[in-house]
Amino acid sequence: MKNNLNLYLIEFAINALLRAKSKNIFILVVFTLLTALLTAVFLITGSIKHELQSTVDALPQITVQKIKAGRHYDIDTSVADEILTIAGVSEAVPRVWGYYYFENAGVNFSVVGIEQYEAQYKDSFAKLVEKFDFEELSSQSSMVVGRGVKEVMSSSYYKEYFNFIKPDGSLKKVTVAGVFDGDTELESNDMILMSKEDVREIFDMQEGKATDIVVKVPNPEEVTTVASKIKLMYPDTRVISSTDLKISYQNIFDYKSGVFLALFVVALFTFFMIIYDKASGLSSEEKREIGILKAIGWRVDDILKEKFYESFILSFLAYLFGILSAFGFVYLLQAPLLREIFVGYSQLKTSFELPFVFEIQTLFLVFFLSVPIYIAATIIPSWRAATLEVDEVIR
Amino acid sequence: MILAPEVLAILILNSIFLLFSLVAFVLSVRIFIKWDMSATTQEQYGLEKQSFLAATIIKYIFAIKLPLFLFFVFTLDKISTLLTGAMCGAGVVDATDYGSYLLILKLMNLYLFGFWLTLHYLDIKSPNLPYTRLKFEFFIVAFLFLLVEIVLEGVMFGSIDIDKMVSCCGTLYSSSSTSAISGIFSIDTTVMLTLFYGNFLFMVIFYMMRYQYLFAISNLAFIVVALISLIQFFGTYIYELPTHHCPFCFLQSDYYFVGYLIYSLLFLGTFYGMRVGVVKMLDEDRGKGFKLSMIFNGVYVVLVTAYPIFYFIRNGVWL
Amino acid sequence: MITLKNTTKTYEINKNNSVTALDNITINIKEGELVVLKGVSGSGKSTILSLIAALTKPTIGEVIVNEKRVSKLPDNFASDYRQQDIGFIFQKYNLIPTLSVQDNILLPLVPTNPDEVEAKAKLDRVMEQFNIAHKKDTMVRSLSGGEQQRVAIARAHINDPKIIIADEPTANLDEKLSLDFIEILRGLKDSGKTIVVATHDPLFFNLDIVDRVIEVQGGKIL
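The number of helices and strands found in chain A is 15 helices and 13 strands. Taking 395 residues into account, the globule formula puts the C-alpha radius of gyration at 21 Å, and chain A, at 30 Å, lies well above it. In terms of principal-axis extent, the alpha carbons of chain A reach across some 100 × 50 × 40 Å. Of the contacts made within chain A by residues no fewer than 6 positions apart, 79% connect residues no fewer than 24 positions apart. For chain A, the exposed area adds up to about 18,400 Å²; of that, 58% sits on carbon and sulfur atoms.

Laid out in structure tokens, this is it:
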């Protein structure tokens, strides 16, 4: 079979691109930036999703919260004992925790209570319990803080201790006993660990109450059944399973990148118009050239094909450059500015490394959002050029 | 409503298709009404030029639609993780009333656009442009199908309710279910396989005798028979599970994306096969069509047959 | 070989205005003839060339070349016809200035995706014939007028067409180069080509190789 790829024509197309150098470089740069931006967004959301998913994986399968008047309310610790009697449940642990807003720095800390001789619902906590004795910490009113928290406190000149302001306005002084690193940075960055007693005191919580209860079900197939049983036993609770969480995370980030994409459409449309305009504005030199080609026997289809090669080469190059620079931007430079949009929360939360996640689908996705759109914008101008009245342009 | 970026990408491309196909449609209508090869008017020359634009647009849409179809199937698969209960694309297709129609329509449109290109190719080969009116008449119809597809796609993605529980493929494609699809399970496996290989055998005979119309018809029948036998019989060997009949799961990475290969082969084989019968062609082209069709269909048959055979060799029993 | 039958060509400037470039003319040119179309610019002689090359279509009448009704050819077929049967030499040479000599000469072959060996053979033949081989890698824009003219002729010949059409070929050449060009024409005529030259250069009117001079004025033949 004859080789269908016309190298002569491709060479001509490349030559034609080089001839209109400044115009094409301009398009290349703008288009590369657009694809890079788009790819970067997908890469960032992909990374964060991955990071969050692994956080979710580390979470207990089921979380039980008490709901009163439509709001989250403290739950009785005795509920945990009841839940333990359900077949299939291996652990049910009441958690005591909350967010503490540190006004000076304008950030939120997650304050988590830990009891020394209780089953730990997180591996990282179990490790901590081995390292620090929380019984002892409790008697001295001290705490273990995440690395990020440590930095924030230091910059407010709290080196050895920290003063928590209790709901009644009085102060509670807690000393810093150590610093820890969590499994994921996102998690450990804003976390403060101390004994449950101290946490209750800071948040003014009653003895025998907990923030929520986490349930461990060894067999993943039974999670849904157990969750519905708990719901039946305690109709006033909200039962969240980790599968639900995963889906809602996925949704949130799909939604975020979706909203971004929706905004991006505007940019894309603008670009479409620019290309259309650039491609339509043929100089008399270009017109004459097409006239010559037709006069010496090029078909309309040949010229259309040549124009297609031009736009394909240009847009595909931009696509490649865009992808490459996005990878560099996100994983080497850690996506300055852009990732703030997607991470949200306080300043503290954002100081984690984006893990390298590569999904081939992103490449296809970006491809469909770049190359075909560029080519579409050049269809009508190319056709106009290809069907010029030869007679009028070559004289 | 699902706002996944993949879905948006499809919708964005759809709006481009809509815009451009609308242009092509208007040109088609104009050409269809006013085309007169013997006229020497400025208008006729103008129409000849416009026919290039219409043809280019249609070629563009087809060229993008082909890979986009695979992307669409992939997207269904991806958003299935968002729907409670769905394990693969089947659940998403089933999540709304439009899913299965959309899928069939999409496939049909690919065939339609493919045939349009064949007609176009034949048309521009002859200096009288004998099929120009016909091909644009054909496009007017194809455009309406495309329009329905685009609207349906928008409606489908718009009406998927993330919070609603959907069925997974296990229940959709099981012999106990009452859905229309499960009707095919009432066919006996032996009958089914006889039909499948019999159909292929006829195809080979018609190929050797060069009966173009019978060959095309046997290809048309082959689409149906091949799909049913794939769901009912061959699929189970891909999964190595006698109860798993899903035509979507083997698109996933667990089965090395083999589904994309299977469907592409089937599409190409039957497309070239039906093309042979559609229009008058030069002998050389028809010969090529016959051959391509035979190759793709042949590879398809070998591929799906290989699954049960290898299963038997390894395990010594049939499912 | 070439027949224009009762041909009229009107250009529409806008809805209400049109210009008649050719008014009901009939021309017959036999194979191997060298015909000169004489007339001032705007007389319609360029339009006759365009009609023969199927670059434009007549408003009334028809153009028949080699028993082919080229006036009714669809665009793509008109291009094929030009590619195979016509060698066009323009007044301004109409080369692409930023391509090299050989790339310019190869241009008519590009869409056919030619075999490399075959293309090279054709290229070498015409570059030899028109004495431009020594400049094959030079950019066209840095060539002299005469050299550009030869490149244009070489390009017109790459497919060895039966018909050569030249539009004011000597307008940008001095007398010596014009005489060189006429020698080239003589060679082409000897090899049996049909040649149509549109010019107002008096040099052509009394040449021995010219079979006929047709005078065109105001869109009519005198």
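We now examine the overall build of chain B. Each helix and strand in chain B was counted, giving ten helices and zero strands. Reading the helices (α) and strands (β) of chain B from amino to carboxyl end gives α-α-α-α-α-α-α-α-α-α. Out of the 319 residues belonging to chain B, those deemed buried represent 56%. Summed over its atoms, the accessible surface of chain B is roughly 13,700 Å², and 70% of this surface lies on carbon and sulfur atoms.

Okay, unusual backbone geometry next. Notably, Leu129 of chain B is not glycine yet its phi reads approximately 45 degrees, a positive angle. Residue placement: Leu129 of chain B occurs in the loop between α4 (99–123) and α5 (132–159). Of note, the phi angle at Asn66 of chain C is positive, near 55 degrees, even though the residue is not glycine. Positionally, Asn66 of chain C belongs in the loop between β4 (60–65) and β5 (68–69). On the basis of relative accessibility, which here comes to 28%, the residue Asn66 of chain C falls in the partly exposed class.

Of all hydrophobic cores here, the largest spans 202 residues; its most connected members are Phe248 and Tyr300 of chain B together with Ile105 of chain C. Here this core gets 18 residues from one element, more than from any other, and that element is helix α2 (residues 42–79) of chain B.

A few words now on a negative patch on the surface. A contiguous patch of negative charge on the surface is contributed by Glu115, Asp133, Glu135, Glu136 and Glu197 of chain A. For Glu197 of chain A, a relative accessible area of 55% translates into the label exposed.

Residue and element names in this part refer to chain B. Segmentation of chain B into domains returns domain 1 (5–159) and domain 2 (169–315). Contacts between the two partners involve 24 residues from domain 1, matched on the other side by 22 residues from domain 2. When domain 1 packs against domain 2, close to 2,000 Å² is buried across both sides, 75% of that on carbon and sulfur atoms. Where domain 1 meets domain 2, there are zero salt bridges. At the boundary of domain 1 and domain 2, one finds two residue pairs in polar contact (both at pLDDT 80 or more). Those elements that place two or more of their residues in the side of domain 1 that touches domain 2 are α2, α3 (89–95) and α4. In terms of residues, the side of domain 1 that touches domain 2 owes the most to one element, α4, which gives nine residues.

Time to look at the interface of chain B and chain C. Listed as interface residues are 13 residues of chain B and, on the opposing side, eleven residues of chain C. Interface of chain B and chain C: buried area, both sides summed, is about 990 Å²; carbon and sulfur atoms make up 54% of it. Of all residues in chain B, Thr40, Tyr45 and Phe52 of chain B bury the most surface against chain C, accounting for 42% of the area lost on that side. Where chain B packs against chain C, one counts one salt bridge. Its salt-bridge partner being Lys57 of chain C, residue Glu48 of chain B comes within 3.2 Å of it at the nearest N-O pair. Across the chain B-chain C interface, the total number found is four residue pairs in polar contact (both at pLDDT 80 or more). Tallied by class, the residues present in the side of chain B that touches chain C amount to seven nonpolar, four polar and two charged.

Looking now at the sheet that holds β4 of chain C. All names here are of chain C. Taken together, four strands build an open sheet; the order of strands is β2-β1-β4-β5 and the sheet is antiparallel. The open sheet has two edge strands with one neighbour each: β2 (18–29) and β5. Helix α1 (residues 45–52) contacts β1 (2–12), β2 and β4 of the sheet and is inclined by roughly 115 degrees relative to β1.

Another aspect to go through is the environment of Glu12 of chain C. Assignment of secondary structure puts Glu12 of chain C in strand β1. Leave out the neighbours within four places in its chain, and Glu12 of chain C touches Gln42 of chain B together with Asn17 and Ser18 of chain C.

What follows deals with the packing of helix α1 (residues 5–34) of chain B against α2 of chain B. Residues and elements named next belong to chain B. It is the contact of α1 with α2, at a shortest axis distance of 8 Å, that shows an interaxial angle of 155 degrees. It follows that α1 is roughly antiparallel to α2 by the angle criterion. For the crossing formed where α1 meets α2, the hand is left-handed.

Let's shift gears to the pattern of salt bridges. By the definition in use, this model includes 34 salt bridges over all chains. Residue Lys106 of chain B pairs with Glu149 of chain B through a salt bridge whose shortest N-O separation is 3.1 Å. Highlighted residues: Lys106 of chain B in helix α4 and Glu149 of chain B in helix α5, separated in sequence by 43 residues. When sorted by exposure, Lys106 of chain B lands in the same class as Glu149 of chain B, which is buried. In this structure, Lys5 of chain C and Glu62 of chain C form a salt bridge, with 3.6 Å as the shortest nitrogen-oxygen distance. On the criterion of sequence distance, the pair formed by Lys5 of chain C in strand β1 and Glu62 of chain C in strand β4 is long-range, its members being 57 residues apart. Taking relative accessible area as the criterion, Lys5 of chain C reaches 40% and is therefore assigned partly exposed. Counted as one network, the salt bridges with shared partners bring together Lys166, Lys172, Asp198 and Glu201 of chain A.

It is worth spelling out the environment of Lys150 of chain A at this point. Residues and elements named next belong to chain A. Structurally, Lys150 is set in helix α6 (residues 147–155). For Lys150, a relative accessible area of 25% translates into the label partly exposed. Linking Lys150 and Lys229, residues 79 residues apart in sequence, is a C-alpha distance of 42 Å. When neighbours within four sequence positions are excluded, Lys150 is seen to be in contact with Val145, Lys159, Val176 and Val179. Here Lys159 takes part through its backbone oxygen, which lies 3.2 Å from a polar atom of the side chain of Lys150.

Ring pairs (aromatic) are described by centroid distance and by the angle formed between their planes. Applying the stated rule across the entire model yields 60 aromatic pairs over all chains. Judged by centre distance (5.1 Å) and plane angle (55 degrees), the rings of Phe233 of chain B and Tyr237 of chain B are tilted. A residue pair is termed a helical-turn pair when its members lie 3 or 4 positions apart in one helix, as Phe233 of chain B and Tyr237 of chain B do in helix α8 (residues 212–239) at four residues. Comparing Phe233 of chain B with Tyr237 of chain B, the two get one shared label, buried. Taking NZ or CZ as reference, Lys9 of chain C lies 5.2 Å from the ring centre of Tyr11 of chain C, over its face. Over the aromatic face of Phe205 of chain C sits the side chain of Lys38 of chain C, whose NZ or CZ is 4.6 Å from the ring centroid.

Glancing now at a nonpolar patch on the surface. Residue and element names in this part refer to chain B. Among the surface-exposed residues, Leu201, Phe202, Ile205, Met208, Met209, Tyr211, Leu214 and Ile217 lie close enough to one another that they form a single nonpolar patch of about 830 Å² accessible area. Among the elements of the structure, α7 (189–209) and α8 are those that each provide at least two residues to the nonpolar patch. Top element by residues in the nonpolar patch is α7. It accounts for five residues. Within the secondary structure, Leu201 sits in helix α7. The class of Leu201 is exposed, set by a relative accessible area of 53%.

Thresholds, definitions, all that
- Along each chain, numbering runs from 1 in the same order as the chain's sequence is written.
- Think of it this way: whatever chain is written first is A, whatever ligand is written first is 1, and the rest follow in order.
- Under the rules for a predicted model, residues below a pLDDT of 70 receive no local features and side-chain atom pairs below 80 are neither given nor counted, while totals for whole chains, interfaces and linings still include all residues.
- With hydrogens and water set aside, each side-chain value is computed from the structure's full complement of heavy atoms.
- Secondary structure elements are defined from DSSP: runs of H or I of at least 4 residues count as helices, runs of E of at least 2 residues count as strands, and each element is numbered from the N terminus.
- As a reference, a globule follows 2.2 Å times the number of residues to the power 0.38, and the radius of gyration itself is taken over C-alpha atoms.
- Any two residues having at least one pair of non-hydrogen atoms within 4.5 Å are treated as being in contact.
- Reported accessibility uses the Shrake-Rupley method at a 1.4 Å probe radius. Residues are deemed covered only where the shown protein chains occlude them.
- Think of it in three bands: with a 1.4 Å probe and only protein chains considered, a residue is buried below 20% of the maximum accessible area for its type, exposed above 50%, and partly exposed in between.
- What we call a nonpolar core is a set of buried Ala, Val, Leu, Ile, Met, Phe, Trp, Tyr and Cys residues that are connected through their side-chain atoms within 4.5 Å.
- Here, patches come from residues exposed beyond 30% relative accessible area and free of salt bridges, joined within 9 Å for like charges and within 5 Å for nonpolar side chains (Val, Leu, Ile, Met, Phe, Trp, Tyr).
- For this document, the term salt bridge refers to a Lys or Arg side-chain nitrogen within 4 Å of an Asp or Glu carboxyl oxygen.
- All tallies of charge rest on Lys and Arg as positive and Asp and Glu as negative; His and the ends of each chain are not included.
- By convention, the point assigned to a charge is CZ for Arg, NZ for Lys, CD for Glu and CG for Asp.
- The domain boundaries here were taken from an automatic or database domain assignment.
- Buried area: the sum, over both parts, of the accessible surface (1.4 Å probe) that disappears when the two are put together.
- Any pair of N or O atoms that falls within 3.5 Å is considered a polar contact. Within protein, one atom must be able to donate a hydrogen and the other to accept it, and sequence-neighbouring residues count only if both atoms are side-chain atoms.
- The residue classification treats Ala, Val, Leu, Ile, Met, Phe, Trp, Tyr, Cys and Pro as nonpolar and Asp, Glu, Lys and Arg as charged. All others, Gly included, are polar.
- What makes two strands pair is DSSP finding at least two bridges between them.
- For helices, the fitted line uses only the C-alpha atoms of the stretch in contact; every axis is such a line through C-alpha atoms, and the angle between N-to-C directions lies from 0 to 180 degrees.
- An angle below 35 degrees is read as roughly parallel, one above 145 as roughly antiparallel, one from 65 to 115 as roughly perpendicular, and any other as oblique.
- Should the near helix be turned anticlockwise from the far one by less than a right angle, the crossing is termed left-handed; should it be turned clockwise, right-handed.
- Ring geometry is summarised as follows: Phe, Tyr and Trp rings, the Trp one being its six-membered ring, pair when their centres sit within 6.5 Å, and such pairs are stacked at plane angles under 30 degrees, edge-to-face over 60 and tilted between the two.
- Two thresholds decide whether a charge sits over a ring: the Lys NZ or Arg CZ must be within 6 Å of the ring centre and within 35 degrees of the ring normal.

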